[in-house]
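If you want the building blocks of each chain, they are given just below.
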Amino acid sequence: MYVAFRIWNNYLLAREPRDRNAACDRFMDKMSSLTGVFHNEAMSFDRETGKPKHFQAGSLYFKGAPSEDTRLDLWFPDNRRTEECVSAYASLYPLITYYLNRLNDWGLCFRRCKVCGKYFLAKSQRYELCSDKCRKAQALQNKREFDERARENNYDLLYKNECQNWRNKINRVKNTAGFPADRLEKKQAAFADFKKEALQRKKAVKTGTASPKEFTDWLYQQSNVIVKLTEY
Ligand SMILES: [Zn+2]
């Protein structure tokens, strides 16, 4: 916001002089000094470790920049040195490089929040969430996923049990001497039909076009079908 205000303010001033072109050049020079830091990689950090990049006094920027752009004052406003003040004059560059170094001293690293995507500073890489708000959102999401998995396991399990039920009944018939082959085939065909429809219905639950209850209700009805086929 400070930068925005300063740009706006300088723009208003630049409109006043009679020689508009010269005023425009002065304005552009000043503003490119002020915002130069945002045009290059000064504010970067190591993507792997989150460590702020170390300040390089020998960098191209510092070799080529006017001394005013690199000027930085540091002082301690109280005797106990509990606070420090830093000021820059023409550019934000020295402020940012200075504090990147300080962040290194303090052992802080940059992290990107898993929920909202904002960057924040953390004591270690273990931190993945920026705030209580995002921690709450993540906890809610975890719970939802857990419930979803539990529900999924429930109807999945019921389906698997039902398949086993069919297999058991078919196997029993296979081992029965003298059981008519055409009736065995009929059972096997019915089982194939059952599996085919069950998979379609399961898919519908997954995509949300059917409820898990509709699926489990249907599964219970199918138990009767196999029982009837066996009774013949
Ligand atoms: Zn966040």
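Residues numbered from 1 in each chain as written. Predicted model: local features only at pLDDT ≥ 70, side-chain atom pairs only at ≥ 80, totals over all residues. Heavy atoms only, no water.

Chemist: Would you mind going over the packing of aromatic side chains with me for this structure?
Modeler: Each aromatic ring pair is described using two quantities: the centre-to-centre distance and the angle formed by the ring planes. Evaluation of the coordinates by the stated rule reveals 13 aromatic pairs. Between Trp-166 and Phe-194 the ring centres are 5.2 Å apart and the planes differ by 15°, which places this aromatic pair in the stacked class. Here Phe-194 lies in helix H7 (residues 181–207) and Trp-166 lies in helix H6 (residues 132–174), a separation of 28 residues in the sequence. Judged on exposure class, the residue Trp-166 and its partner Phe-194 are both buried. Just above the ring of Phe-45 sits the side chain of Arg-47; from NZ or CZ to the centre is 4.7 Å. Over the ring of Phe-76 we find Arg-81; its NZ or CZ atom is 4.2 Å from the centre of that ring. (Phe/Tyr/Trp six-rings, centres within 6.5 Å; stacked < 30°, edge-to-face > 60°. Helix = DSSP H or I, 4+ residues; strand = E, 2+ residues; numbered from the N terminus. Buried < 20%, exposed > 50% of the residue type's maximum accessible area, 1.4 Å probe, protein only. Lys NZ or Arg CZ within 6 Å of the ring centre and 35° of its normal.)

Chemist: Which parts of the structure should I look at to understand the environment of Gly-107?
Modeler: Mapped onto the elements, Gly-107 comes out in the loop between helix H5 (93–105) and strand E3 (109–112). C-alpha separation for the pair Gly-107 and Lys-51, spaced 56 residues apart in sequence, amounts to 8.2 Å. Each residue touching Gly-107, except ones within four places of it in the same chain, is listed here: Lys-51, Ala-122 and Lys-123. (Contact = heavy atoms within 4.5 Å.)

Chemist: Honestly, the domain arrangement of the protein chain in this entry has me stumped. Any pointers?
Modeler: Quite often, the size of an interface is put as the accessible area lost when its parts meet. You can read the domains of the protein chain as domain 1 (2–131) and domain 2 (134–231). In this structure, domain 1 and domain 2 have C-alpha centres spaced 62 Å apart. Contacts between the two partners involve 7 residues from domain 1, matched on the other side by 4 residues from domain 2. Counting the surface domain 1 buries against domain 2, the share from its top three residues, Val-115, Leu-129 and Ser-131, is 79%. (Domains from an automatic or database assignment. Buried area = accessible area lost by both parts, 1.4 Å probe.)

Chemist: Help me understand the pairing of strand E4 (residues 119–122), please; the structure alone is not making it clear to me.
Modeler: The two faces of the sheet receive side chains in turn, since in a regular strand these alternate between them. Across the two faces of E4 the burial differs, with Phe-120 and Ala-122 buried and Tyr-119 and Leu-121 not buried at all. As paired strands, E3 and E4 are joined by 4 bridges and run antiparallel to one another. When the bridges of E4 are listed, Arg-112 appears paired with Tyr-119. Counted between consecutive antiparallel strands, the loop separating E3 from E4 contains 6 residues, among which Gly-117 sits at a positive phi close to 80°. (Pairing = 2+ DSSP bridges.)

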